[in-house]
Amino acid sequence: MIEELQQIDTSAIEELRKIKQDQEVLRDWLGKMEAKKGNVADAVFARVRKDYEGRNAALEEKARPLKDRARGEYAKLRASIDRFEKALELAKLDKEELEFRHEIGEFQGKEFEERLKAGEQRLTQCQAERAEADQLKQRFIEAFHSEEDLALPPPPVVPKPAVAAVGAASRPASGAVSAPPEGEPTGQFGEGVPSPAAPKGPHAAPPAPARGDATIVIAKPRLVAQMDDGSAVEYPLDLQVMSIGRAPDNRIRVQKDAVSRKHAEIALGPKGYSVRDLKSENGTYVNGKRVTERLLADGDAIQIGSQKFVFREG
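All figures in this text were calculated on a predicted structure; none of them were measured in a lab.

Definitions and limits used
Residues numbered from 1 in each chain as written. Predicted model: local features only at pLDDT ≥ 70, side-chain atom pairs only at ≥ 80, totals over all residues. Heavy atoms only, no water. Helix = DSSP H or I, 4+ residues; strand = E, 2+ residues; numbered from the N terminus. Buried < 20%, exposed > 50% of the residue type's maximum accessible area, 1.4 Å probe, protein only. Areas by Shrake-Rupley, 256 points an atom, 1.4 Å probe, with all protein chains shown as cover. Salt bridge = Lys/Arg side-chain N within 4 Å of Asp/Glu carboxyl O. Axes fitted to C-alpha atoms, helices over the stretch in contact; angles between N-to-C directions. Parallel < 35°, antiparallel > 145°, perpendicular 65-115°, else oblique. Left-handed = near helix turned anticlockwise from the far one by under 90°. Nonpolar A, V, L, I, M, F, W, Y, C, P; charged D, E, K, R; others polar. Core = buried A, V, L, I, M, F, W, Y, C linked by side-chain atoms within 4.5 Å. Contact = heavy atoms within 4.5 Å. Pairing = 2+ DSSP bridges. Phe/Tyr/Trp six-rings, centres within 6.5 Å; stacked < 30°, edge-to-face > 60°.

Visitor: Teacher, can you tell me more about the overall build of the chain here?
Guide: The secondary structure content of the chain amounts to 5 helices and 13 strands. Among the 314 residues that make up the chain, the fraction classed as buried is 37%. When the accessible surface of the chain is totalled, it reaches about 18,100 Å², and 50% of it is carbon and sulfur.

Visitor: What exactly am I supposed to notice about the pattern of salt bridges here?
Guide: Summed over the entire model, instances satisfying the criterion amount to 25 salt bridges. The residue Arg 83 makes a salt bridge to Glu 4 at a minimum N-O spacing of 2.4 Å. Here Arg 83, found in helix H3 (residues 42-104), pairs with Glu 4, found in helix H1 (residues 3-6); they are 79 residues apart in sequence, far enough to count as distant. Here Arg 83 falls in the partly exposed class, since its relative accessible area comes to 45%. By relative accessible area, which is 26% here, Glu 4 ends up partly exposed.

Visitor: Would you mind going over the packing of helix H2 (residues 11-35) against H3 with me for this structure?
Guide: If you want to describe how two helices pack, look at the angle between their axes and the distance between the axes. Where H2 meets H3, the axes come as close as 9 Å, and the angle between the chain directions of the two elements is 160 degrees. It follows from the interaxial angle that H2 and H3 lie roughly antiparallel. Crossing angle aside, the handedness with which H2 passes H3 is left-handed. Grouping the constituent residues of the contact of H2 with H3 by class yields 15 nonpolar, 3 polar and 10 charged.

Visitor: I tried to follow the nonpolar core on my own but got confused; where do I start?
Guide: Of all hydrophobic cores here, the largest spans 25 residues; its most connected members are Leu 5, Leu 16, Ala 70, Leu 77 and Phe 140. Listed by contribution, the elements that provide at least two residues to this core are H2, H3 and helix H4 (109-143). Residues in contact with Leu 16, not counting those within four places in the same chain, are Ala 63, Leu 66, Lys 67, Ala 70, Ala 143 and Phe 144. Formed by 22 residues, the second largest nonpolar core is a distinct cluster that contains Met 227, Val 233, Tyr 273 and Val 275.

Visitor: Sorry, what's going on with the sheet that holds strand E11 (residues 293-295) here?
Guide: In a beta sheet, neighbouring strands pair by backbone hydrogen bonds and run either parallel or antiparallel. Ordered in space as E6-E5-E7-E8-E11, the 5 strands form an open sheet in which the pairing is mixed. The strands lining the two open edges of the sheet, one partner per strand, are strand E6 (252-253) and E11. Two strands pair when backbone bridges link them, and strand E8 (residues 272-277) and E11 are joined in this way by 3 bridges, in the antiparallel orientation. Looking at the pairing, Arg 276 lines up with Glu 293 of E11.

Visitor: Help me out: how do you make sense of unusual backbone geometry in this one?
Guide: One can expect most non-glycine residues to show negative phi and most peptide bonds to be in trans. A positive phi angle, close to 55 degrees, is found at Lys 279, a residue other than glycine. Of note in the backbone geometry, Asn 287 takes a positive phi value of approximately 55 degrees without being a glycine. Assignment of secondary structure puts Asn 287 in the loop between strand E9 (284-286) and strand E10 (289-291). Note on Asn 287: relative accessible area 38%, which makes it partly exposed.

Visitor: Teacher, can you tell me more about the packing of aromatic side chains here?
Guide: In this description, a pair of aromatic rings is defined by centroid distance and the angle of the planes. Tallied over the entire structure, the rule returns 3 aromatic pairs. A ring pair is formed by Trp 29 and Tyr 52, whose centres lie 5.3 Å apart and whose planes are at 40 degrees; its orientation type is tilted. Here Trp 29, found in helix H2, pairs with Tyr 52, found in helix H3; they are 23 residues apart in sequence, far enough to count as distant. Between Tyr 74 and Phe 140 the ring centres are 5.9 Å apart and the planes differ by 45 degrees, which places this aromatic pair in the tilted class. Taken together, the residues Tyr 74 in helix H3 and Phe 140 in helix H4 connect sequence positions 66 residues apart.

Visitor: Would you take a moment to explain the environment of Gly 288 for this structure?
Guide: Topologically, Gly 288 is positioned in the loop between E9 and E10. Gly 288 sits in the buried class, given a relative accessible area of 15%. Along the chain, Gly 288 and Glu 148 lie 140 residues apart, while their C-alpha atoms are 8.7 Å from each other.

Visitor: What is the right way to read the side chain of Ser 306 from this model?
Guide: One can find Ser 306 in the loop between strand E12 (301-304) and strand E13 (307-312). Taking the relative accessible area as the measure of exposure, Ser 306 reaches 14% and is therefore buried. If near-sequence neighbours (up to four positions away) are discounted, Ser 306 is found in contact with Ala 75, Lys 256 and Asp 257.

Note that all results are geometric; they support no functional claim without further evidence.
Below you can see the structure in the form of structure tokens.
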């Protein structure tokens, strides 16, 4: 197998295939039950159905973390397939160009034969790479109920908002993840960028009451990045455009698979914050659907390559 494809972890899909087979057996039994419902007492029918439905629910619970892992690996595979497809198209064009130059008279005799042989070898190699990647893609699809289910991002884990006490030193609530201090780099995706100043305008936090001992929850629009280790990093949103991509000049730099140099941006408009895809190769997804531009609502799950975010209004 191609080295690039060998790095894709398929252990989750092998386990999912077994779970899917068990679920198909249960669905078959449930279907047969309906046809024979009149042969047993209602209480017996209900007990057996409850047992089968309980088994299926347990299998779904077991499959959930495996599906999250498989979707992450599938994003890597999709990026590889895109690269293989481009290489294949380029090899076809190179061969066609060589034959065209031969017809004109530029390449003749042994030189043409050598160039043609090398071009055909490259084309064959690209075709083999694409075919192998497609076979692996089919294995992923077979482990899910549909390709659409496989393309969905895993459900986000939303951190609790920080709680600040007026008149006392501000510290994050237990279990919350705070945005980096102003002027400090984030350090999460590579080269960090300073945190922006507190937002102003329609999404700004409300003023604190003039009481020294009051405790309030500060509402602040933010983007919450879900990290691979289960932690979360918050990026406050303000009037400036929040650019996201691999390039170091983005406000959020994401050095992960399938992320373009300038992938997407989040900006404040008359109706609120919107995410806009910047003609990226692998697209931007909101709640599992690919979008060009989308007005965001609280709790929306955003996926850029293999990186997941959650939009929070407050």
